[in-house]
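Residue-level listing of the chains:
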Amino acid sequence: MKAIRRFTVRPVLPEPLGPLSDLSRNLRWSWHDGTRDLFRSVDPERWAAAGGDPVRLLGSVAAERLTELAADRDFLDRLRTVADDLRSYLTGDRWYQAQPGRLPAAVAYFSPEFGITAALPQYSGGLGILAGDHLKAASDLGAPLIGVGLLYRHGYFRQSLSRDGWQQEHYPVLDPNELPLDQLKEADGTPAQITLALPGDRSLRARIWLAQVGRIPLLLLDSDVEENDPGERGVTDRLYGGGSEHRLLQEMLLGIGGVRAVRTYCRLTGHAAPEVFHTNEGHAGFLGLERIAELRADGLDFDAALEAVRAGTVFTTHTPVPAGIDRFDRDLIARHFGPHAELPGMEVDRILRLGTETYPGGEPHLFNMAVMGLRLAQRANGVSLLHGHVSREMFSGLWPGFDPEEVPITSVTNGVHAPTWVAPEVFRLGARQIGAQRAEEALSVGDSDRWDSVADIADEDIWELRRSLRELLVLEVRERLRASWRQRGAGTAELGWIDGVLDPDVLTIGFARRVPSYKRLTLMLRDRDRLTELLLHPERPVQIVIAGKAHPADDSGKRLIQELVRFADDPRVRHRIVFLPDYGMAMAQKLLPGCDIWLNNPLRPLEACGTSGMKAALNGGLNLSVLDGWWDEWFQPDFGWAVPTADGVGTDQDRRDDIEAAALYDLLEQRVTRSFYERGRGGLPDRWIEMVRRTLSLLGPKVLAGRMVREYVERLYAPAAHAHREMDHDSARALAAWKARVRGAWRGVTVDHVETSVRTATAELGATLGLRVRVGLGGLRPEDVEVQAVAGRVDEEDRITDAAAVPLKPVGSPDQEDRWVYEGPLSLDRTGPFGYTVRILPSHRLLASGAELGLVAVPAEDVAEGAGLLMR
């Protein structure tokens, strides 16, 4: 029989066990071994059955066991110690509190998904895991973030396989009352709600759930409330589900509703109001519109409010391809905003212009969420050095007249939260070397001195650690593989072969991630005979563990999984290659530490960062990867291998895959397997162990989310908070008026004449050119602009590379034609082909970049020809 109603019965803990409730509701347990060990000791069997989730554990443990523990003096002493540790963690000063200067009082961090723990399944892949690691690292550093997201009733899908290897999706219902969440309530005890207006006099209401992530509150909005109509109740049903309007409503709820949720939370708790709003990808971009509406209600016009909002906003883009950006039909946007829907006081035309693709090749009928995100943020970044370059190229059309290198998008390379991803066995080895406290600090904040101590760990200890992790992985794989085959319809009598799957002494390669086509799950199958030879080599075999989900609507991705599964089902190789369904955080925490090699072979440069290899590195795994994302930035032959790529313009996709697959096989056959299996005098693989050591000591401090968050604080949050404080109402009005005046006058800004003190085509290193430039300012004043000489090496087409800008100074007053003269020296500090040009940029103390307005004036061709522009 099926229940007609479901509700959650929570345990009544004996008074001495009361702190267990607080410990279970703060998600710090997900990365704190001491807390997890305490809960495990409550009931080891139920802990395992609960998937390591303290809330589920306490909901299932027998009352008799609780009574027994309430009288157990040793357990109560441990409970008191762990509770005191949490209290100290939540209240003590940490890295952030020790920094000089006035840092933001609070930062609101918006993301469509958060991967905190498998017990709160609100993530689909790298974006969510990154967001979760961002919050956890901020907590460890003491940075005052407020996370904002949506609570999806089905989360992301659960994956299984059919008998023939086809991906099947399942959507279990998540009851918030059974999750580590608390409902935010008003002072009178009623649930706090936010409301959005919809067309046709309808409303979208949402409750606010609170997940406590260490020191960080995470607010999750849930539209499944009785006051909503059925369509609105389903807005937060699935992560990345539904059609275009469904996605739009999710993103309006996240951005607009999220700001309202933050205001509600701060009102109810007294938390400091955010000075900085961080938009993690374009999904949350509407938060800027809500903040503009707030400021308009406070007396600012649209343009002044826009400047005030931009000053305190940071936008992070994660996609390296236009196809990865959410874009909506302009008519759909127009229908959901304006007089008869949300933000009725806002001119719809102004909203639409924020998302218009005003660049060559742009589609005028579409509204681009990333374009809006960039226009609403004064500071923007990609997520690796290479991705920053790709992003500047991709969005350069928004800043016409500027080379991509000057597009105001910087980069902060992603990191991973080491306490979450480092295996306990790895941590214990480090703690034995430098002490538990110093090891914790090395993982959370990062310190090269502490990581250098890896050099002192004995070779035998490193090799034994790696073998023990591999052995644990083998046991985990067999258990999961057996469960998968049972789901596929196999009987117990058919599964005896699984006991021989994988070998703890064989080189183990891991490949686990989402399965879009560009990640090339099946590149390893390009030459199946060569792969089979690698798997079955009599002296240097390899074994491969693979996992990943395709998007439910991506049949091409599902076909890739099926192709891989069918190969792995072959009785000849199935003991050496396995596909594990339902990849998620819980599996990753078991899989990553046990792999000797982490394989990554995307189409370069389509991997924005790719953090899974970072997690492997923190456990002593070596990376074998295409030079993309973070690996392009930090690769060294000392700690891994780079797969050569054929990403030239003239190479077709099939040919490219053949070339790169062959390079992968060659690396495995000739270098990787030999390094693993060749033994030195002591019977150990000395070269391999040294690579593991260098991976830990050199990559360890770099790949930390603590390093990443510190960079965000220092390079983006602190400057944004300063700009926010500078942008009071009067300053915002003045800046908006100044920008309007500059834009209106810019047509008349010209470089009329350039002359130099050197008339020859050669000059000596160290010499100084004297530049004299005559410019027209179109009615602007010298304080409105900066006239620059831009100089550097030149290529064969006379393009300046590695450019440096030198400001020139005005001399005297304007002449009778209202032209100004600027002068200045230009040092010749490099040899070889050298060139310069002159340009004019808008200049204002409240601009974050000279390129911010997208305005630049350069010499006309006839002016340049007479200026002695190049010296070779």
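In this text, all values refer to a predicted model and were calculated from it rather than measured experimentally.

## Some thoughts on the overall build of the protein chain
Scanning the protein chain from terminus to terminus reveals 30 helices and 28 strands. The C-alpha atoms of the protein chain give a radius of gyration of 29 Å, which matches the 29 Å a tight globule of 872 residues would have. Taking the principal axes of the C-alpha coordinates as reference, the protein chain spans close to 95 × 75 × 50 Å. Looking at the protein chain as a whole, 57% of its 872 residues are labelled buried. In the protein chain, once contacts between residues fewer than 6 apart in sequence are set aside, the share between residues at least 24 apart is 73%. Counting every atom, the protein chain has about 35,500 Å² of accessible surface; 49% of that belongs to carbon and sulfur. If you average the places of the 104 positive and of the 125 negative side-chain charges in the protein chain, the two averages end up 3 Å apart.

## What about empty space enclosed by the protein?
Rolled over the atoms, a probe as big as a water molecule pinpoints where empty space is left. Taken as a whole and judged by the stated rule, the model has eight cavities of 30 Å³ or more. Put simply, the largest cavity is a space of about 240 Å³. Taken together, 19 residues line the largest cavity, and the ones lying closest to its centre are V426, G430, L443, W451 and V454. The set of elements that each furnish at least two residues to the lining of the largest cavity consists of α17 (424-434), α18 (436-444) and α19 (448-452). When residues in the lining of the largest cavity are grouped by element, the largest group, seven residues, is from α17. Looking at the lining of the largest cavity, its residues break down into 15 nonpolar, three polar and one charged. Estimates place the volume of the second largest cavity at around 90 Å³. What lines the second largest cavity is a set of 13 residues, among which L481, W485, A568, D569 and F579 lie closest to the centre. Those elements that provide at least two residues to the lining of the second largest cavity are α20 (459-487), α22 (555-568) and β17 (577-580). When the residues that make up the lining of the second largest cavity are grouped by side-chain class, the tally is nine nonpolar, one polar and three charged.

## Thoughts on the layout of surface pockets
One number sums up the size of the second largest pocket: a volume of about 820 Å³. Lining the second largest pocket are 28 residues, and of these L306, R375, R743, E852 and L853 sit closest to its centre. Contributing elements (two or more residues each) for the lining of the second largest pocket: α11 (302-311), α13 (348-354), α14 (369-375), β13 (379-382) and α29 (729-745).

## Remarks on the sheet that holds strand β21 (residues 749-756)
Ordered in space as β21-β22-β26-β25, the four strands form an open sheet in which the pairing is antiparallel. Where the open sheet ends on each side, the last strands, each with one partner, are β21 and β25 (809-811). On average, each strand axis in the sheet is inclined to that of its neighbour by 35 degrees, with strand direction left out of account.

## Concerning the side chain of N280
Mapped onto the elements of the fold, N280 is located in strand β9 (residues 276-280). With a relative accessible area of 1%, N280 lands in the buried category. A polar contact is formed between the side chain of N280 and the side chain of S111, at a distance of 3.3 Å. Excluding residues that lie within four positions of it along the chain, N280 makes contacts with Y109, F110, S111, P112, L127, L130, A131, T316 and H318.

## Considering unusual backbone geometry
R604 connects to P605 through a cis peptide bond whose omega is 5 degrees. Locating P605 in the fold gives a position in the loop between β18 (597-600) and α24 (612-618). A positive phi angle, close to 65 degrees, is found at L502, a residue other than glycine. Its relative accessible area of 3% is what places L502 among the buried residues. Even without being a glycine, R520 presents a positive backbone phi close to 55 degrees. Relative to the elements of secondary structure, R520 occurs in the loop between β15 (507-512) and α21 (528-535).

## What to know about the state of the cysteines
According to the stated counting rule, one finds zero disulfides in the structure shown. Free cysteine C595: the closest other cysteine sulfur is in C609, separated by 19 Å. On the basis of relative accessible area, C595 is assigned to the buried category, the value being 1%. Of the residues examined, C609 reaches a relative accessible area of 3% and is grouped as buried.

## A closer look at helix α27 (residues 686-699)
The periodicity of an α-helix, 3.6 residues per turn, causes residues three or four places apart in sequence to face the same way. Counted at 1.5 Å a residue, the expected span for α27 with its 14 residues is 20 Å, and the 19 Å between its end C-alpha atoms agrees. All of the buried residues in α27 are W688, I689, M691, V692, R693, T695, L696, S697 and L699.

## Some thoughts on the sheet that holds strand β19 (residues 622-626)
Within a sheet, each strand pairs with its neighbour through backbone hydrogen bonds, oriented either parallel or antiparallel. Strand order in the open sheet made by the six strands is β17-β16-β15-β18-β19-β20, with parallel pairing throughout. Of all strands in the sheet, those bounded by a partner on one side alone are β17 and β20 (640-643). On average, adjacent strands in this sheet sit at an angle of 20 degrees to one another, irrespective of strand direction. Pairing analysis gives two bridges linking β15 to β18, with the strands arranged parallel. Considered in β18, the bridge of I509 is made with I597. This element, α20, spans β15, β16 (542-547) and β17 of the sheet and lies at about 60 degrees to β17. α27 rests against β15, β18, β19 and β20 of the sheet, and its axis sits at about 80 degrees to β19.

## Focus on the pairing of β19
Working note: regular strand, side chains alternate between the two faces of the sheet. Burial within β19 is extensive, with five of its five residues counted as buried. Taken together, the four bridges between β18 and β19 define a ladder with parallel strand orientation. Each bridged residue has a counterpart across the sheet, and for L599 the counterpart in β19 is L624. In this fold, β18 hands off to α24, which returns the chain to β19; that crossover is right-handed. Alignment of β19 against β20, held across four bridges, turns out to be parallel. Note that in β20 the partner of V626 across the bridge is V643. Crossover handedness for the path β19 to helix α25 (residues 629-634) to β20: right-handed.

About the thresholds
Residues numbered from 1 in each chain as written. Predicted model: local features only at pLDDT ≥ 70, side-chain atom pairs only at ≥ 80, totals over all residues. Heavy atoms only, no water. Helix = DSSP H or I, 4+ residues; strand = E, 2+ residues; numbered from the N terminus. Rg over C-alpha atoms; globule rule 2.2 N^0.38 Å. Buried < 20%, exposed > 50% of the residue type's maximum accessible area, 1.4 Å probe, protein only. Contact = heavy atoms within 4.5 Å. Areas by Shrake-Rupley, 256 points an atom, 1.4 Å probe, with all protein chains shown as cover. Lys, Arg positive; Asp, Glu negative; His and termini not counted. Charge placed at Lys NZ, Arg CZ, Asp CG, Glu CD. 1 Å grid on protein atoms, 1.4 Å probe; cavity = no way out; pocket = protein on both sides within 12 Å on 5 of 7 lines; lining within 4 Å. Points joined across faces, edges and corners; volume = space filled by probe spheres on them. Nonpolar A, V, L, I, M, F, W, Y, C, P; charged D, E, K, R; others polar. Pairing = 2+ DSSP bridges. Axes fitted to C-alpha atoms, helices over the stretch in contact; angles between N-to-C directions. Polar contact = N/O pair within 3.5 Å; in protein donor to acceptor, adjacent residues only side chain to side chain. Disulfide = S-S within 2.5 Å. Expected span 1.5 Å × (residues − 1). Right-handed = clockwise from strand over helix to strand, strands pointing away.

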